[in-house]
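Inside the fold
Below, each chain spelled out in residue letters.
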Amino acid sequence: MAGLKNKLLSTYLKTVDYVVPVLKDSKFKETGVITPEEFVAAGDHLVHHCPSWSWMAGDKDKARPFLPADKQYLETKNVPCLRRCKQMELPDEGETIHDDLGEGDWVEPHINLGALTDKVRDLTLDSKASATKAAADDDDDDDGEAVDIEDYDEEGLEEDDPATLSKPEASAAAEAGTDNLLHTRTYDLHITYDKYYQTPRLWLFGYNEKNQPLTVEEMYEDISQDHANKTVTVENHPHLPPPPRASVHPCRHAEVMKKIVETVAEGGGEVGVHSYLLIFLKFVQAVMPTIDYDFTREFSM
């Protein structure tokens, strides 16, 4: 039933997209939505801090006139997915099913807002600390080369992440010449601007270990089962030809971002609109917890 509702909603949104005006004035702090210009600015910020992401032009016939021709959407490719969601025990506490939105059953991801805003603050502090350290190093040796961000310590994540720990086992098995290999799926991820909801929208398309496209059913194995076919639906990409791709529905993105902005402000901080996509990628991670795309470490708010 949810699938039928989502198909009807998709058809409706395609129709109204032609008459909905493009957002001109910034309402980021008030409602959590962004203009196309703010989307481009946030995309430039993401590409700068996470070079695995890049701008794409897409199909010229599908180009949106309110976006630059060479910046229609963002893409990152070959993102690893080492485990299926069923291999993880995810609590369903804090997740709410909404069936009164006129938009089908939509499961609100379990987001520990306090923890997320703490991460935002920590990232800000880390950025300031790094800037202070860089300034001190610069005083000691003005002629030294700039420190590459990739040389920084990864804060012990490799030791704590079970997905990371499984990689050496696969390499050892390969060297031993056994068939006990870790079969890794990969995903291509795209971020587009949704004109109707005035927010970013995440799209994903997966491949198996032989680089063959995954079926819809197989991709749903990598989506939290509480969100499959509800928060996540399969639709045609706005900038590319078929096949359809899985997408995280954007109907609640603005609301979640507004809560984050307000919570950070209550703590004396401020979220700049240029950081929108960096934070966006963190809160949608709850929908696809085994797709390891979030490589952000330090950035300035």
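Everything quoted here is computed from the prediction, not taken from an experiment. (Residues numbered from 1 in each chain as written. Predicted model: local features only at pLDDT ≥ 70, side-chain atom pairs only at ≥ 80, totals over all residues. Heavy atoms only, no water.)

Moving on, we come to the overall build of the protein chain. Within the protein chain one finds 9 helices and 8 strands. Burial statistics for the protein chain: of 301 residues in total, 45% are counted as buried. For the protein chain, the proportion of contacts with a sequence separation of at least 24, taken over those separated by at least 6, is 67%. As displayed, the protein chain has an accessible area near 16,100 Å², and 51% of this comes from carbon and sulfur atoms. (Helix = DSSP H or I, 4+ residues; strand = E, 2+ residues; numbered from the N terminus. Buried < 20%, exposed > 50% of the residue type's maximum accessible area, 1.4 Å probe, protein only. Contact = heavy atoms within 4.5 Å. Areas by Shrake-Rupley, 256 points an atom, 1.4 Å probe, with all protein chains shown as cover.)

Counting buried residues in helix H9 (residues 276–283) gives 8 out of 8 residues, a clear majority hidden from the surface. Among all positions of H9, only Tyr 276, Leu 277, Leu 278, Ile 279, Phe 280, Leu 281, Lys 282 and Phe 283 are buried.

A separate point is the sheet that holds strand S7 (residues 232–235). Ordered in space as S1-S2-S5-S6-S8-S7, the 6 strands form an open sheet in which the pairing is antiparallel. Taken across any chain shown, the strands that pair with only one partner, and hence form the sheet edges, are strand S1 (54–56) and S7. Strand-to-strand, the axes of this sheet are offset by a mean angle of 35°, without reference to chain direction. Sheet topology note: the strand S6 (residues 199–207)/strand S8 (residues 245–248) ladder contains 3 bridges and is antiparallel. Paired with Leu 202 across the strands is Val 248, a residue of S8. Contacts from helix H3 (residues 36–49) reach S1, strand S2 (73–81), strand S5 (185–194) and S6, with the element oriented near 140° to S1. (Pairing = 2+ DSSP bridges. Axes fitted to C-alpha atoms, helices over the stretch in contact; angles between N-to-C directions.)

What follows deals with the pattern of salt bridges. On inspection of all chains with the given rule, the structure shows 11 salt bridges. For Arg 201, the salt bridge identified is with Glu 235, shortest N-O distance 2.8 Å. Here the residue Arg 201 occupies a position in strand S6, and Glu 235 occupies one in strand S7, the gap between them amounting to 34 residues. By the burial criterion, Arg 201 is buried, and Glu 235 matches it. What emerges from the salt-bridge pattern is a single network uniting Arg 84, Arg 185, Glu 221 and Asp 222. (Salt bridge = Lys/Arg side-chain N within 4 Å of Asp/Glu carboxyl O.)

Our focus in this paragraph is unusual backbone geometry. Residues Pro 242 and Pro 243 are joined by a peptide bond in cis, for which omega reads 15°. In this structure, Pro 243 sits in the loop between S7 and S8. Within the chain, Gln 198 stands out as a residue other than glycine whose phi angle is a positive 60°. Relative to the elements of secondary structure, Gln 198 occurs in the loop between S5 and S6. In this model, Asn 211 sits at a positive phi of 65°, which is unusual for a non-glycine residue.

Turning next to the packing of H3 against H9. Between H3 and H9, the least distance of the axes is 7 Å, while the angle of their chain directions is 75°. One way to sum up the angle between H3 and H9 is to call them roughly perpendicular. Facing Phe 39, Ala 42, Gly 43, His 45 and Leu 46 of H3, the residues of H9 in contact are Tyr 276, Leu 277, Leu 278 and Leu 281. Residues of the contact of H3 with H9, tallied by class, amount to 7 nonpolar, 2 polar and no charged. (Parallel < 35°, antiparallel > 145°, perpendicular 65-115°, else oblique. Nonpolar A, V, L, I, M, F, W, Y, C, P; charged D, E, K, R; others polar.)

A few words now on helix H8 (residues 253–266). Each α-helix winds once per 3.6 residues, and so residues spaced three or four apart point in a common direction. Counted at 1.5 Å a residue, the expected span for H8 with its 14 residues is 20 Å, and the 20 Å between its end C-alpha atoms agrees. Along H8, the residues that are buried comprise His 253, Ala 254, Val 256, Met 257, Ile 260, Val 261 and Val 264. Around the axis of H8, the buried residues are gathered within 165° of arc, so they sit on the same side. Gly 268 occupies a position one or two residues after H8 and carries a positive phi of about 90°. (Expected span 1.5 Å × (residues − 1). Arc of directions from axis to C-beta.)

For the rest of this paragraph, the subject is the packing of aromatic side chains. Geometry of an aromatic ring pair is reported as the spacing of the ring centres plus the angle between the planes. Within the structure shown, the criterion is met by 7 aromatic pairs. A ring pair is formed by Phe 66 and Tyr 193, whose centres lie 6.0 Å apart and whose planes are at 70°; its orientation type is edge-to-face. Taken as a pair, Phe 66 in the loop between S1 and S2 and Tyr 193 in strand S5 lie far apart in primary sequence, 127 residues in all. Of the residues examined, Phe 66 reaches a relative accessible area of 16% and is grouped as buried. Classification of Tyr 193 by relative accessible area gives buried; the value is 4%. (Phe/Tyr/Trp six-rings, centres within 6.5 Å; stacked < 30°, edge-to-face > 60°.)

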